[in-house]
Amino acid sequence: MANNVKGILLTGVGGQGTLLASEVLSEVLMLAGFDVKKSEIHGMSQRGGSVTSHVRWGEKVFSPLIPEGTADILFGFELLETYRSLSMLRKGGAVVVNDLKIAPGPVATGTETYPEDIPGKLKAQVDDVLLVDGMEKAHQAGNYRTVNTVLLGALSNRMEIAEELWHKALEAQVPEKFLQENLKAFALGRKAA
Amino acid sequence: MEKTILSGNEAIARGAYEAGVRVASAYPGTPSTEILENITQYKGIDSSWAPNEKVALEVAIGASFGGARSMATMKHVGLNVAADPLFTLSYIGVRGGLVLVVADDPEMHSSQDEQDSRNYAKFAKVPMLEPSDSDEARLFTRIAYEISEQFDTPVLLRSTTRLSHGKSIVNLDDPVTGLPEPSLKRDPSKLVMLPANARQRHPLVEKRIVDLEKWACDQTFNRVETGESKVGVITSGIAYQYAKEVFPDASVLKLGMVYPLPKQMIRDFAESVDKLYIIEELDPFIEEAVRAMGIEVIGKDLLPVCGELTPERIESALSGKPVDTDYKVKEELPGRPPMLCPGCGHRGLFHTLKQLGAFVTGDIGCYTLAALPPLGAMDSCVCMGAGFSNATGIAKVLPENERQKVVGVMGDSTFLHTGVNSLMDLVYNNSTATAVILDNSATGMTGRQDNPATGYTLKGGDAPAVDLENLCQALGVKHIRVIDPNDLDLTKKALQEMMALAEPSVVIARRVCMLERRGNAERTTPLFVLEDKCVGCRSCLKISCPAIEWREGAGEKGKGQAVVNALLCTGCKVCEQVCNFDAFGEIDGE
Ligand SMILES: Cc1ncc(C[n+]2csc(CCOP(=O)(O)OP(=O)(O)O)c2C)c(N)n1
């Protein structure tokens, strides 16, 4: 399979806004001059189900889907969903994950239990795990809705892309009146690692 | 040319704009919905939601008769509904170019089946193009209009979930100019499909396919990419992208038109390679045609017919070895099924139906989620509009004591899609079944679109809203109750009364969708659980509300207690009504 292509798998829960984050990510990669493809599922899964989004880039990208076991970064918005997709990561890849638990239906109704200590389990297998306190930093940025931008800031540490391109991508994707708090959130996230 | 990144659906909308489309009509359906939602940004296009796919296609056909380029879009199962006009349109052909976009859903991410729409192209004898990325989605849309007018035929453009909802880079082009202005033009021998006229048209249809097949051999949308090895791959659509990953050195015949197939091109290609693979999603559509030409291929003997392809699924199917990954999760993880939103009116209705022991012939919409545990309150779901007619049918054969339990359920959008006909039959043939319309003033499941009962058009303009009570009355329903499904007592009383009647009856459960963006959805103060009152009986967990969580070991006796997530709670109070211990309070109250 084509080796010079890189991939990030975003995982989260429907309603968390992973879609917008993957938009910013694709935008920044396009601005950096890469061929970019992304793929995700809308529809049924948006009612609080698991969501994933594949983003791939390189000189020339064919498949929009990341083959299992080859993702360079697993970028998680929720712990269980990140852990669920661990087999997508390649050896030596990084995990950037929001330190947040959202109970799925079967856990909320008490028929199943939320797995213990997911950060510990991730760290037991993967060397590079960046755990981000997204909620806390979003509050610092002035709006809890900027969590995803905090996470993008943290992710940016694991990618070689100039900071100003990230700012440009945010400008392109975020409505004007929320831009300042999002830029602040991004900076806070970027400092997290 | 300006470069941007677009989804397949956005690119099809762009292609329609570039092709000079004037009229676009659709009924929502994942993964096709965003095509029309994006077309609204192009001022010159009259875009609208139709009540169903058949109507959408017929609107597009009318526009074509007027001499304008037109488009209808739908999901794969929508094409079943629109099949009737499509087959006759194949005989009629077009005046202004007409393209029908059909989006398939291999893997059934959001669908009830994974039918392969390519079969419709062959069945209806119309050409079908299949793009493999967003830029092709834009370009092929343009080309489809040229083909449509050059060969006097409707053209199918097939997408799949991975194309429609995938994004890739697109080179924008300028819109075409110089298209003729629409006008009235009578042409009865072409437009009036009486048997005598249709007999004249049918041979033209057959000739058209032969002509197209030859013509397609010289078109750039069908191309050979010569590789280094003697392995050959024939593929199309998104499967092309996967084939390029799995066979980087092979020669590839990439088909942009999947019907009719360029036979001579295929023969020449097959001769140039030693071993030939056909990589396609779902049915062996290309494969069967190629085999029928007497060419040996490797295809669905190894590759799966069910589900979508991925590069690793292709690799492991061909090698016989499962994918091995470096990291694995060994423990069993709790699933995360989708759930009805907090505050959704469907919850109270289905909770009550379950209490009453109703046999629910359901339908397709957000409310189909009520079939999942712990609500588990739907007993069948076939296709849009079937909820009421299935109820009529089953009630015909049941003994009297069971007959009264039958309740057909569907949403407002589904009712207006094809449910009206089903209710008409229920009334006409005097069924004892009760019909429930879940009126949330939205086509919710597909992302909250408007429909003829919401009072708004696709572009957000005002429209007369269908009066559902009057409509039911006009159909002859004598017993109609309108209730708020969040009021459980009222809901129960109304359902009991209507179910007991030996005559057709309708319950309209009215509560605006929580995703409503115009601020009409009611949100009140969140509730909380009074720790001294909650005995841990778990009754409130049975309503399947995302805002209620179970805390293991909480409470005085350590039996566990419910807690409310105040960020999610909308204050609908359905939980308060199912609690026998007055354990829910309002945050601002006490
Ligand atoms: C023939 C057909 N067209 C479209 C769809 C996609 N679809 C599934 S549910 C739905 C609409 C449901 O709306 P409504 O009945 O009002 O229920 P709600 O989701 O709002 O509860 C649509 C359009 C489909 N499954 N079948």
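*Asks:* Explain the site of the ligand to me, using residue names and the numbers behind them.
*Replies:* Residues and elements named next belong to chain B. Around the ligand, the surrounding shell holds 26 residues, and the nearest of these are Glu53, His346, Cys366, Thr414 and Gly444. Measuring from an oxygen atom of the ligand, one finds a side-chain N or O atom of Asn440 at 2.9 Å. In this structure, Gly444 approaches the ligand through a main-chain N or O atom, which is 2.7 Å from an oxygen atom. Burial of the ligand by the protein chains amounts to 97% of its free accessible area of 590 Å².

*Asks:* Residues and numbers for the nonpolar core, please.
*Replies:* Soluble globular proteins tend to pack their nonpolar side chains together in the buried interior. All names here are of chain B. Counting residues in each nonpolar core, the largest one holds 76 residues, and the members touching the most others are Ile39, Met71, Leu79, Leu129, Ile147, Ile234 and Ile286. Top element by residues in this core is helix H7 (residues 134–150). It accounts for six residues. Mapped onto the domain boundaries, this core takes at least three residues apiece from domain 1 (3–216) and domain 2 (223–318). Those residues in contact with Ile234 that lie beyond four places of it in its chain are Leu253, Leu255, Ile266, Phe269, Leu276, Tyr277, Ile278, Ile279, Ile286 and Val290. Formed by 52 residues, the second largest nonpolar core is a distinct cluster that contains Tyr367, Val427, Cys472 and Ala494.

*Asks:* Summarise the pattern of salt bridges; cite the residues concerned and give the values.
*Replies:* Residues and elements named next belong to chain B. Across all of its chains, the model carries 46 salt bridges over all chains by this definition. Close ionic contact of Asp324 with Lys328 constitutes a salt bridge, the shortest N to O distance being 3.3 Å. According to the relative accessible area criterion, Asp324 is exposed, its value standing at 64%. Look at Lys328 and you get partly exposed, because its relative accessible area is 36%. Between Asp450 and Arg448 there is a salt bridge whose closest N-O contact spans 3.3 Å. Owing to a relative accessible area of 8%, Asp450 belongs among the buried residues under this scheme. Put simply, Arg14, Glu18, Asp135, Arg138, Arg142 and Asp173 are held in one network by salt bridges that share partners.

*Asks:* Describe the packing of aromatic side chains, and please don't skip the residues or the numbers.
*Replies:* Residues and elements named next belong to chain B. Considering all chains together, one arrives at 12 aromatic pairs over all chains under this definition. For the ring pair Phe151 and Trp215, a centre distance of 5.0 Å and an interplane angle of 65° mean the geometry is edge-to-face. Taken as a pair, Phe151 in the loop between H7 and strand S7 (155–160) and Trp215 in helix H10 (residues 195–216) lie far apart in primary sequence, 64 residues in all. Each ring, one from Tyr259 and one from Phe285, has its centre 6.5 Å from the other, and the planes form 65°; the classification is edge-to-face. With Tyr259 in strand S12 (residues 257–259) and Phe285 in helix H13 (residues 285–292), this residue pair connects regions lying 26 residues apart in the sequence. Judged by its relative accessible area of 13%, Tyr259 falls in the buried class. Take Phe285: its relative accessible area is 9%, and that puts it in the buried class. Ring pairing ties together the aromatic residues Phe140, Phe151, Trp215 and Phe221, which thus form one cluster. A cation over a ring is seen here: Arg518 above Tyr456, with NZ or CZ 3.5 Å from the ring centre. For the cation-ring pair, Arg538 lies above Trp550, with the distance from its terminal atom to the ring centre recorded as 4.2 Å.

What counts as what
Each chain has its residues counted from 1, running along the sequence as written. Chains and ligands are labelled by the order in which they are written, letters from A for the one and numbers from 1 for the other. Given that the model is predicted, a residue must reach a pLDDT of at least 70 before its local features are reported, and side-chain atom pairs must reach 80 or more before they are shown or counted; all residues, however, enter totals for whole chains, interfaces and linings. Excluding hydrogens and water, the side-chain figures rest on all heavy atoms present in the structure. By convention in this text, a residue qualifies as near a molecule or strand provided that one of its non-hydrogen atoms is within 4 Å of it. Two N or O atoms count as a polar contact when they lie within 3.5 Å, although within protein this holds only if one can serve as hydrogen donor and the other as acceptor, and sequence-adjacent residues are included solely when both atoms are side-chain atoms. Reported accessibility uses the Shrake-Rupley method at a 1.4 Å probe radius. Residues are deemed covered only where the shown protein chains occlude them. Nonpolar core, defined: a set of buried Ala, Val, Leu, Ile, Met, Phe, Trp, Tyr and Cys residues in which side-chain atoms within 4.5 Å join the residues together. Think of it in three bands: residues with accessible area under 20% of the maximum for their type are buried, residues over 50% are exposed, and the middle band is partly exposed, with areas taken using a 1.4 Å probe on protein chains only. Secondary structure elements are taken from DSSP: a helix is a run of H or I of four residues or more, a strand is a run of E of two residues or more, and numbering for both begins at the N terminus. An automatic or database domain assignment is the source of the domain bounds shown. By definition, residues are in contact when any of their heavy atoms lie within 4.5 Å. The rule for a salt bridge is simple: a side-chain nitrogen of Lys or Arg has to be within 4 Å of a carboxyl oxygen of Asp or Glu. Here is the rule: rings of Phe, Tyr and Trp (six-membered ring for Trp) pair when centre to centre is within 6.5 Å. Planes less than 30 degrees apart are stacked, more than 60 are edge-to-face, and the remainder are tilted. Geometrically, a charge over a ring is one whose NZ (Lys) or CZ (Arg) sits within 6 Å of the ring centre while staying within 35 degrees of the ring normal.

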